[in-house]
Amino acid sequence: MKLRTGMLDGALDKEAENLNSSIKVDQRLVYDDIQASIAHVTMLGHVGILRENEAQAIIDGLINLKDKIINKEIEIDLKAEDVHSFVENELIKDIGQLGKKMHTARSRNDQVTTDLKLYLRRESQNIKELLKEYIGVLLELSENNTETIMPGYTHLQAAQPVTFAHHLMAYAMMGLRDLSRLEDFRQRANELPLGGCALAGTTYPIDRDMVKEYLGFDGLMENSMDAVSDRDYVLELQGVISILGVHLSRLSEELIIWSSQPYSFVTIDDMYSTGSSIMPQKKNPDMAELIRSKAARLIGNMNQSFVMVKGLPLAYAKDLQEDKESIFDSVDTIKICLQVMTGQMKSLKVNKKKMLIACKEGYINATDIADYLVNKSIAFRDAHHIAAKLVKIAMEEEKTLEELSLDTYKKQSDKFEEDIYQAIDLKTIVGKRNSKGGPSKEEVKRQISYVREKIK
Ligand code: ARG
């Protein structure tokens, strides 16, 4: 059935029909559409808009249709205009004229946004579960690396020593914020639009609260025009997913750097690497690269959603049909990215030695030489100068700061004693950075318990 009323002459132009049709995209809402219709018809029967036996026959028909789709006894008809007309057509085919009564006291305008909310509510929960698994793997990896010293960078230049656990826990914290944004989304989105009808409610004595309870919404959308034209929840979820995607992208970028030969801090498992068609030695971090670029796609989807809504007058306009393809794509994309990143991190090999060598070769304990002198009452300006001089000497002699002789130290300042080696020992330096949020072992363990508690 095409939704052509007596008003319209003839059929829709062929290409116009293709443009108009959304079934290829919105068919995935079919179960939500059936569920929302069952709720609606149950209410219609309850308040007496339909007779109880009519309502029951429609509900039975809807359940039957659902089973037939699940059991693949029936296929989605791609010639239908959209998922709502598909469901209605099939119902009428099955139970006859009575099926036409299902659409009393509602419109596709409140119907479609109700379906989409049901779908996104469930998918946001699925994303949350995948996100928790990902954070869980970051915690495990961190637990095993609270003493794995690595260079911390600013400007991608070795800056001060941290631990691999400390570095990973930064990503765990981002994940926690992503979780709370997903919860926030759900809370605000969980208001029922159905009952808004086309835009101005209805003259029928509907009971929206009953439908709300039936479908598990926390509240009603209180204005019927807002109910049918609001897509804030799509924009919000696009934003939440984009931020999460950006976090995964930044971690991907680090994995790409860390696994490159000059670094070799980590080895990405073969399960997540590909080879080159001509260069036999190559092992490429393709999954990390793809996750990095999927973030661009998510941001593109988010943009599309925002731009689609921004100039629309109230209430419904067909533009809003275009809300689905991009949010569905974002949901699919973030789910696969999370899954792959979780597996990739779980199987990651950490090359502790390489990290330590990079610390030493990066002279990242130079600040601590200066601090040592300050403790021996040298002014920081002078101490900084002396430390810089020592770094220069070490570079010239192709040595690390630990390898310079005490004589060399003493030549720069008579304040240096044997204990300088203890003072610039990387383990000591990291251990002393025990301010809240810092990289010391105890402090990172506290961060791990904090996150573990939050994701319970
Ligand atoms: N397929 C449409 C959508 O996704 C359903 C709503 C159609 N409503 C209308 N007034 N044409 O938005």
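Predicted model only: the values in this text are computed from it and were never measured.

What counts and what doesn't
Throughout, a residue's number is its position along its own chain's written sequence, starting from 1. Selection of residues for local features in this predicted model requires a pLDDT of at least 70, selection of side-chain atom pairs for listing and counting requires 80 or more, and totals for whole chains, interfaces and linings are taken over all residues. Remark: hydrogens and water are excluded; side-chain values derive from all non-hydrogen atoms of the structure. By nonpolar core is meant a set of buried Ala, Val, Leu, Ile, Met, Phe, Trp, Tyr and Cys residues that side-chain atoms within 4.5 Å join together. Note on exposure labels: buried denotes an accessible area under 20% of the residue type's maximum, exposed denotes more than 50%, and partly exposed covers the range between, all computed with a 1.4 Å probe on protein chains only. Secondary structure elements follow DSSP: runs of H or I of four or more residues count as helices, runs of E of two or more count as strands, with numbering from the N terminus. Residue contacts are counted whenever heavy atoms from the two residues lie within 4.5 Å of one another. We call two strands paired when DSSP finds no fewer than two bridges between them. A molecule or strand has a residue near it when one of that residue's heavy atoms lies within 4 Å. Whenever two N or O atoms come within 3.5 Å, that pair is a polar contact, provided that in protein one can donate a hydrogen and the other can accept it, and provided that, for residues adjacent in sequence, both atoms are side-chain atoms. In short, Shrake-Rupley with a 1.4 Å probe defines the accessible areas, and a residue's cover is counted only from the protein chains shown. Basically, the charged four are Asp, Glu, Lys and Arg, the nonpolar ten are Ala, Val, Leu, Ile, Met, Phe, Trp, Tyr, Cys and Pro, and anything else, Gly included, counts as polar.

Student: When you look at the nonpolar core in this model, what are you seeing that I'm missing?
Tutor: Within soluble globular proteins, side chains that are nonpolar generally end up buried alongside one another. Counting residues in each nonpolar core, the largest one holds 94 residues, and the members touching the most others are L120, Y134 and M345. Take this core: its biggest share by element is 13 residues, from helix α6 (residues 108–143). Excluding anything up to four places from it in sequence, L120 contacts F185, Y233, V234, L237, I327 and V331. Grouped together as the second largest cluster of nonpolar side chains are 21 residues, L373, A387, A394 and F416 included.

Student: Sorry, what's going on with the pairing of strand β2 (residues 157–163) here?
Tutor: Sheet analysis places strand β1 (residues 149–154) next to β2, joined by six bridges and oriented antiparallel. Residue pairing in the sheet places P151 in a bridge with P161 of β2.

Student: I'm lost on the site of the ligand in this one. Help?
Tutor: Inspection of the region around the ligand gives S22, D82, H84, R108, N109, V112, Y316, Q321 and K324 as its neighbouring residues. Between the ligand and D82 there is a distance of 2.9 Å, counted from a nitrogen atom to a side-chain nitrogen or oxygen. In the environment of the ligand, an oxygen atom lies 2.6 Å from a nitrogen or oxygen atom belonging to the side chain of K324. Its free accessible area being 340 Å², the ligand has 86% of it covered by the protein chains. For the shell around the ligand, the element with the highest residue contribution is α6, accounting for three residues. For the shell around the ligand, the per-class residue count stands at two nonpolar, four polar and three charged.

Student: Would you take a moment to explain unusual backbone geometry for this structure?
Tutor: A negative phi holds for most residues other than glycine; trans holds for most peptide bonds. With an omega of 0°, the peptide bond running from L314 to A315 counts as cis. Residue C197 is not a glycine yet carries a positive backbone phi of 60°. Here C197 lies in the loop between β3 (191–192) and α8 (208–215). Even without a glycine there, the phi angle at S264 is positive, about 50°.

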